[in-house]
Amino acid sequence: MRLGSQGVSGTTVLTLAAGEGGAEAVAELSAVQRVKNRLLVRGVATEARSAGHPGAALAARAYDLLADLEGEAGEEVERVLRYPAVGAWAWRTYRSLRSGNGTHDDPAQLGALAAVAAVRARTACRVRLPVRDGAIMLPSLGRLVLPGGAGDAADVTVRPDGDGAELDACGLTVRVHPSGDRPGWQALHRLRVTMGFDLVVDDLDPYRWSAEDVVEPRLERERLRAWETHTREAWRVLAAHHGTVAEEVSSAVSVLTPVKAPERGQNSASSRETFGTIAMSDPWHGVGLAATFAHEIQHAKLTALTEVIPLTLPDDGRRYYAPWRDDPRPVYGLLQGSYAYLGVAEFWRRQHRFERDEEAFRARVELARWRRAAYAVTGTLLASGGLNERGEEFVARMRKTLEECAAEPVDAAAESQALREAEHHLDAWKRRNPRFRAD
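Residues numbered from 1 in each chain as written. Predicted model: local features only at pLDDT ≥ 70, side-chain atom pairs only at ≥ 80, totals over all residues. Heavy atoms only, no water.

Caption draft 1: Representation of the overall build of the protein. Helices and strands together make up the secondary structure of the protein, namely 12 helices and 12 strands. For 439 residues, the compact-globule estimate of 2.2 N^0.38 gives 22 Å, and the protein sits close to it at 23 Å. Counting only C-alpha atoms and orienting by the principal axes, one finds that the protein spans roughly 70 × 45 × 40 Å. Accessible surface, the protein as shown: approximately 19,700 Å² in total, 49% of it carbon and sulfur. (Helix = DSSP H or I, 4+ residues; strand = E, 2+ residues; numbered from the N terminus. Rg over C-alpha atoms; globule rule 2.2 N^0.38 Å. Areas by Shrake-Rupley, 256 points an atom, 1.4 Å probe, with all protein chains shown as cover.)

Rendered as structure tokens:
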């Protein structure tokens, strides 16, 4: 398989430091992630052989099959390799093989990538795949549910069938189609956000998120409809008033993963393992979800950038106050948070003009609170001694953007409310973390 190489240009770094980027910058970052996934997939096959893993031969055959398919259907191979859960599986499996500490992550799952590429390319093939909890996961497509007594592996035959494919396994024949479930087949949900932009709701893949204890089980139809409604509402907000964010989200984000909500409020997150995924609890409304997209795309951009260009020095153990977290944070975590809330502040700087009544006041409070918080943290970062030279340049440019954001007029009532909320958070943080200073 072709591996390729990719970097990030100096111009893109400067644009990202300003909190922006757009489709071109995200395309560079995404290309880096694709190269990483290819290297990891090859690493899985190589390390499985070196470690003498029982699944090494199956992994090697699957890798060869992927290479053959790439010659005929390179786009379909690329599509499965860039799927976020594939990146997570490849990283965890490679790490387990290198350390010799894990048996849970099976290199033979590489065969599932070949099967998915074959389904999408309308190409016949036969692969032996691992069975987990009586099912076979085909990343980006869905889950094949096998009859009882299937064992820990099964031979799967892929046969093209019109606009889909048939899978034969353990005496079961299932027609695979992304449009919906069938007996023996659970398809991953797809949300049509707008013309040319769909999002997968992954509530099936065991590698869909880094923390298994927070993921939600499969969404029922009513909840799925609510997700689709709010996602479309959010997209209308982004497309109308936040064009750069809309470009970045449509270029980088391909998957939403449902996770449990906290006791109060909502939850959202991004992960280094699953570039292209946003994990989140049930959205409440379109504007709130649009703000979540503006927040999480910042995390995704910075995570992808720092895999190529480190901005911080090795962690020295010091921890700092973050106005958006309950726990003390290391320098890298502080950088991630300030970059995300720069994006949040910029979102509300634009959005508050289009809100009305109580929603307009709340939008101004959000703007006032988070621009002040992110600006204060950039000062903490620059004084910490925990940034390298590139990091200092990056944060200084962030700070300039926040100074520009601070010029947006906000009424005294909203400023006062934002200050009260910030002080309340700081007081609670001090009680929760008495050993730390909130410098």
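There's plenty left to go through after this.
Caption draft 2: Inspection of the nonpolar core at higher detail. In terms of nonpolar packing, the biggest core is built from 73 residues, with Phe293, Leu305, Phe347 and Phe394 touching the most fellow members. The biggest single contributor to this core is helix 8 (residues 286-306), with 11 residues. Ignoring any residue separated from it by four or fewer positions in sequence, one finds Phe293 in contact with Leu199, Ala234, Leu238, Val249, Leu256 and Ile278. Counting residues in hydrophobic clusters, the runner-up holds 56 residues, among them Ala114, Ala115, Val174 and Ala187. (Core = buried A, V, L, I, M, F, W, Y, C linked by side-chain atoms within 4.5 Å. Buried < 20%, exposed > 50% of the residue type's maximum accessible area, 1.4 Å probe, protein only. Contact = heavy atoms within 4.5 Å.)

Caption draft 3: Up close: the sheet that holds strand 12 (residues 277-280). Read across the sheet, five strands follow the order 8-9-10-12-11 without closing on themselves; strand pairing throughout is mixed. Only two strands of the sheet have a single neighbouring strand rather than two, namely strand 8 (189-194) and strand 11 (268-269). (Pairing = 2+ DSSP bridges.)

Caption draft 4: Molecular detail of the pairing of strand 12. Side chains of strand 12 alternate between two faces, with Thr277 and Ala279 and Ile278 and Met280 buried alike. The pairing of strand 10 (residues 255-258) with strand 12 spans four bridges and is parallel. Bridging across to strand 12, Pro258 finds its partner in Met280. As paired strands, strand 11 and strand 12 are joined by two bridges and run antiparallel to one another. For Ala269, the partnering residue across the bridge sits in strand 12 and is Ala279.

Caption draft 5: Fine view of helix 9 (residues 331-351). Its 21 residues place the ends of helix 9 30 Å apart at the C-alpha level, agreeing with the 30 Å of an ideal helix rising 1.5 Å per residue. For helix 9, the tally of buried residues reaches 18 of 21 residues, placing the bulk of the element in the interior. (Expected span 1.5 Å × (residues − 1).)

Caption draft 6: Summary view of the sheet that holds strand 7 (residues 185-187). Ordered by their spatial adjacency, three strands build an open sheet running 2-3-7, and the pairing between neighbours is antiparallel. A strand with exactly one partner marks an edge of an open sheet, and here the two such strands are strand 2 (135-138) and strand 7. Taking the axes of each pair of neighbouring strands and ignoring which way they run, one obtains an average angle of 15 degrees across the sheet. Summarising the sheet, strand 2 and strand 3 (residues 142-145) pair through four bridges and their orientation is antiparallel. Bridge pairing links Leu138 to Gly142 in strand 3. (Axes fitted to C-alpha atoms, helices over the stretch in contact; angles between N-to-C directions.)

Caption draft 7: The pattern of salt bridges, seen in detail. Summed over all chains, the structure comprises 35 salt bridges. With a shortest N-O distance of 3.3 Å, Arg223 and Glu216 are connected by a salt bridge. Using a relative accessible area of 26% as the deciding quantity, one classes Arg223 as partly exposed. Taking the relative accessible area as the measure of exposure, Glu216 reaches 17% and is therefore buried. Sharing partners across several salt bridges, the network here consists of Arg34, Arg38, Glu70 and Glu78. (Salt bridge = Lys/Arg side-chain N within 4 Å of Asp/Glu carboxyl O.)

Caption draft 8: Fine view of the packing of helix 7 (residues 243-252) against helix 8. Between helix 7 and helix 8, the least distance of the axes is 10 Å, while the angle of their chain directions is 60 degrees. Classed by the angle they form, the pair helix 7 and helix 8 counts as oblique. The hand of the helix 7/helix 8 crossing is left-handed. Of helix 8, the residues touching helix 7 (which contributes Val245, Glu248, Val249 and Ala252) are Phe293, Ala294, Ile297 and Lys301. (Parallel < 35°, antiparallel > 145°, perpendicular 65-115°, else oblique. Left-handed = near helix turned anticlockwise from the far one by under 90°.)

Caption draft 9: Region of interest: the packing of helix 6 (residues 221-241) against helix 9. Contact geometry for helix 6 and helix 9: axes closest at 11 Å, N-to-C directions at 80 degrees. What the angle tells us is that helix 6 and helix 9 run roughly perpendicular. Facing Val237, Leu238 and His241 of helix 6, the residues of helix 9 in contact are Phe347, Arg350 and Gln351. Taken together, the residues of the contact of helix 6 with helix 9 sort by class into three nonpolar, two polar and one charged. (Nonpolar A, V, L, I, M, F, W, Y, C, P; charged D, E, K, R; others polar.)

Caption draft 10: Representation of helix 8 in the model. Compared with the 30 Å implied by 1.5 Å per residue over 21 residues, the 30 Å span of helix 8 between its first and last C-alpha is a close match. Of all 21 residues making up helix 8, 20 are buried, and the element is well covered by its neighbours.

Caption draft 11: Examining the packing of aromatic side chains more closely. Across all of its chains, the model carries six aromatic pairs by this definition. Relative to Trp235, the ring of Phe197 has its centre 5.0 Å away and its plane inclined at 55 degrees; by these criteria the two rings are tilted. Of the two residues, Phe197 is situated in strand 9 (residues 197-201) and Trp235 in helix 6; the sequence distance between them amounts to 38 residues. Connected via pairs of aromatic rings, a cluster forms that spans Trp324, Tyr341 and Trp370. Positioned above the aromatic ring of Tyr375 is the side chain of Arg399, whose terminal nitrogen or guanidinium carbon lies 3.9 Å from the ring centre. (Phe/Tyr/Trp six-rings, centres within 6.5 Å; stacked < 30°, edge-to-face > 60°. Lys NZ or Arg CZ within 6 Å of the ring centre and 35° of its normal.)

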